[in-house]
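# Architecture and fold: a report
Each chain, written out:
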Amino acid sequence: MFDELYNNEHEQVVICSDPDTGLKAIIAIHNTTLGPSLGGTRMWNYESEEAALRDVLRLSRGMTYKSAISGLNLGGGKAIIIGDARTDKTEALFRAFGRFVDGLGGRYITAEDVGMTEKEMEWIYSETKYVTGIPKALGGSGNPSPVTAYGVYMGVKACAKKAYGSDSLEGKKIALQGAGNVASSFARHAAKEGAKLYISDIYEDKAKALVEEVGGELVNNPDDIYGLDVDIFTPSALGGVINDDTLKQFKCDIIAGAANNVLDEEDKHGQMLLDKGIIYAPDYVINAGGIINIASELEGYDEERALNNAGNIYNTITDILSYSEEHGIPAHKASNALAEKRIETVGKIKNKYSSNAHVSGRFGSMYKRFID
């Protein structure tokens, strides 16, 4: 376990257990150079505890890079709760989790992720102020999915501009993997522009409902989504879907979607995409609308500002693709290089003494909700 932490340069991992509520959770804090770690809590029925740990370590590292490349004053963290999001949710479980978050004193701020809703965020908020994505009625930003989806949509358009010389999605064939909140909102944007959508999900009822809403086509066998003859593949479910097996099947020009950690082996499969001539939008960049949204909540939420900031993902993706082409490196390495440069630069500044460090240090004066 410690080798995993050292290799990925994590600062802290917290194992949370509460037998009375059935809570089994892991909180991973990767890097706090730019500010407090912020990242969503995911509820998933993992096949093993080892798989859960591996996932939270990868996700928290991705959050560090996501905040850095997006220009946010936040570090990278993530949490997972082991359980079935359809059957295992109770108020007591999430309030117990909230107390663990509170015990970290602000080093980790949680938010909504896969398997979670505003209701669970509200329960967590009952026990800690270190939570975002709470209902608008409580002063929060609510569900971040629409802003995340808008950022994905703009990122896909940036990729289309690079591939086809125009960012229009009219007539483009898109294989959409997933029919959750973010995928559904993205599908509405793309369909409105005239794209043809082929949709799959492990829950067929969700896929059918989305197909009917946007006039798409259902992919009955979820495994068939990889080999479709389309222009764009948009992974918007779980990670690891770009791997040795799927890379043999792809016939698309672009891979750009909302899912995290889609490269099963980052360096190997990122290079293989470059070699195949497939334009790739690094996942933690194109799906950064969610964290942009909740970062806006920390400053005093304004939905229009959050959407405008998420729209800048178009420019960020354009810069990354240009850097990738200029240096002859995969897009994920180009993105990592730009993010690491910002972390290194800001890290040097933070080494300097500041007499106002109690305000401008870990949280920054903008995060007034967390300052007593």
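Residues numbered from 1 in each chain as written. Predicted model: local features only at pLDDT ≥ 70, side-chain atom pairs only at ≥ 80, totals over all residues. Heavy atoms only, no water.

## Looking at the overall build of the protein
The criterion, for reference: Helical segments are the DSSP runs of H or I of at least four residues, strand segments are the runs of E of at least two, and each set is numbered from the N terminus. Atoms counted for the radius of gyration: C-alpha only. Globule rule: 2.2 Å times residue count to the power 0.38. Buried residues are those whose accessible area, probed at 1.4 Å on protein chains only, stays under 20% of the maximum for their type, while exposed residues exceed 50% and partly exposed ones sit between those limits. Using the Shrake-Rupley algorithm and a 1.4 Å probe, accessible areas are obtained, with residue cover drawn only from the displayed protein chains. The charge count includes Lys and Arg as positive and Asp and Glu as negative, but it does not include His or the ends of the chains. By convention, the point assigned to a charge is CZ for Arg, NZ for Lys, CD for Glu and CG for Asp.
Scanning the protein from N- to C-terminus turns up 15 helices and 11 strands. For the protein, the C-alpha radius of gyration of 20 Å lies close to 21 Å, the compact-globule estimate for 372 residues. Principal axes of the C-alpha set define a box for the protein whose edges measure 55 × 45 × 45 Å. Burial statistics for the protein: of 372 residues in total, 53% are counted as buried. Accessible area for the protein stands at about 16,200 Å²; split by element, carbon and sulfur atoms hold 46% of it. Taken as two groups, the 39 positive and 53 negative side-chain charges of the protein have centres that lie 4 Å from each other.

## Looking at the sheet that holds strand β8 (residues 217-218)
Counted only if it meets this: One requirement defines pairing of two strands: DSSP has to find at least two bridges between them.
Strand order across the open sheet formed by six strands is β8-β7-β6-β9-β10-β11, with parallel pairing between neighbours. Bordering the open sheet on either side are β8 and β11 (279-280), each of which pairs with just one other strand. Pairing geometry for strand β7 (residues 196-200) and β8, over two bridges, is parallel. Each bridged residue has a counterpart across the sheet, and for Y198 the counterpart in β8 is E217.

## Description of helix α12 (residues 303-311)
Cut-off, in case you're wondering: Each direction from the helix axis to a C-beta atom contributes to the arc, which is the arc of those directions. By the criterion applied in these results, polar contacts are pairs of N or O atoms within 3.5 Å in which, for protein atoms, one can donate a hydrogen and the other can accept it, and in which residues neighboring in sequence qualify only through two side-chain atoms.
Those residues of α12 that sit buried are A306, A310 and G311. Buried residues along α12 cover an arc of 140° about the axis, so they all sit on one side. For α12, the side-chain oxygen to backbone nitrogen distance between the N-cap and E304 is 3.3 Å, and the N-cap itself is D302.

## Regarding the sheet that holds strand β1 (residues 12-18)
Test applied: All axes here are fitted lines through C-alpha atoms, helices being fitted over the stretch that makes contact, and every angle between N-to-C directions spans 0 to 180 degrees.
In space, the five strands of this open sheet follow the order β1-β2-β4-β3-β5, with mixed pairing throughout. The open sheet is flanked by β1 and β5 (108-112), the only strands paired with a single partner. Sheet twist, expressed as the mean angle between neighbouring strand axes with direction ignored, is 25°. Bridging between strand β2 (residues 23-31) and strand β4 (residues 75-82) involves six bridges; their strand directions are antiparallel. Looking across to β4, one finds that I26 is bridged to I80.

## Things to note about the packing of helix α5 (residues 145-164) against helix α13 (residues 313-327)
Convention followed: Any angle that is under 35 degrees is reported as roughly parallel, and any over 145 degrees as roughly antiparallel; angles of 65 to 115 degrees are reported as roughly perpendicular and all others as oblique. Helix crossings fall into two classes, left-handed where the near helix is turned counterclockwise from the far one by less than a right angle and right-handed where it is turned clockwise. What makes two residues a contact is simply this: any of their non-hydrogen atoms within 4.5 Å. Under the grouping applied here, Gly and all other residues not named as nonpolar or charged are polar, the nonpolar ones being Ala, Val, Leu, Ile, Met, Phe, Trp, Tyr, Cys and Pro and the charged ones Asp, Glu, Lys and Arg.
Contact geometry for α5 and α13: axes closest at 8 Å, N-to-C directions at 40°. Here α5 lies oblique to α13, going by the angle between them. As α5 runs across α13, the sense of the crossing is right-handed. Taking contact as the criterion, the partners of G151, M154, G155, K157, A158, C159, K161 and K162 in α5 are, on α13, I313, Y314, I317, T318, L321 and E325. Residues that form the contact of α5 with α13 fall into these classes: seven nonpolar, three polar and four charged.

## Brief notes about the packing of helix α6 (residues 181-192) against helix α7 (residues 204-214)
Two quantities define a packed helix pair, namely the angle between the axes and the distance from one axis to the other. Orientation of α6 relative to α7, taken along the N-to-C sense of each, is 20°, at an axis distance of 10 Å. What the angle tells us is that α6 and α7 run roughly parallel. Relative to α7, the crossing made by α6 is right-handed. Listed contacts from α7 to A183, S184, A187, R188 and A191 of α6 are L210, E213 and V214. Grouping the amino acids of the contact of α6 with α7 by side-chain chemistry returns five nonpolar, one polar and two charged.

## Details of empty space enclosed by the protein
Formally: Cavities and pockets are found on a 1 Å grid laid over the protein atoms alone: a cavity is a set of points where a 1.4 Å probe fits but cannot escape, a pocket is an open set with protein on both sides within 12 Å along at least five of seven lines, and a lining residue has an atom within 4 Å of such a point. Grid points are joined across faces, edges and corners, and a volume is the space filled by probe spheres set on the points.
A full pass over the atoms with the stated rule returns one cavity of 30 Å³ or more. Taken as a whole, the largest cavity holds about 30 Å³ of empty space. Per element, the largest residue contribution to the lining of the largest cavity is five residues, and it comes from helix α2 (residues 49-69). Here the lining of the largest cavity is built from residues that sort into two nonpolar, three polar and three charged.

## Concerning helix α11 (residues 289-299)
Most of α11 is tucked away, with 10 of its 11 residues classed as buried. For α11, the complete set of buried residues consists of G289, G290, I291, I292, N293, I294, A295, S296, E297 and L298. Looking at the buried residues of α11, the elements they touch are β3 (37-44), α2, β5, α5, α12 and α13. G300 occupies a position one or two residues after α11 and carries a positive phi of about 110°.

## Regarding the side chain of N336
For N336, the location among the structural elements is in helix α14 (residues 331-350). Overall, the relative accessible area of 10% leaves N336 in the buried class. A distance of 2.6 Å separates the side chain of N336 from the side chain of Y284, its partner in a polar contact. When near neighbours in sequence (up to four residues on either side) are disregarded, N336 contacts Y65, E266 and Y284.

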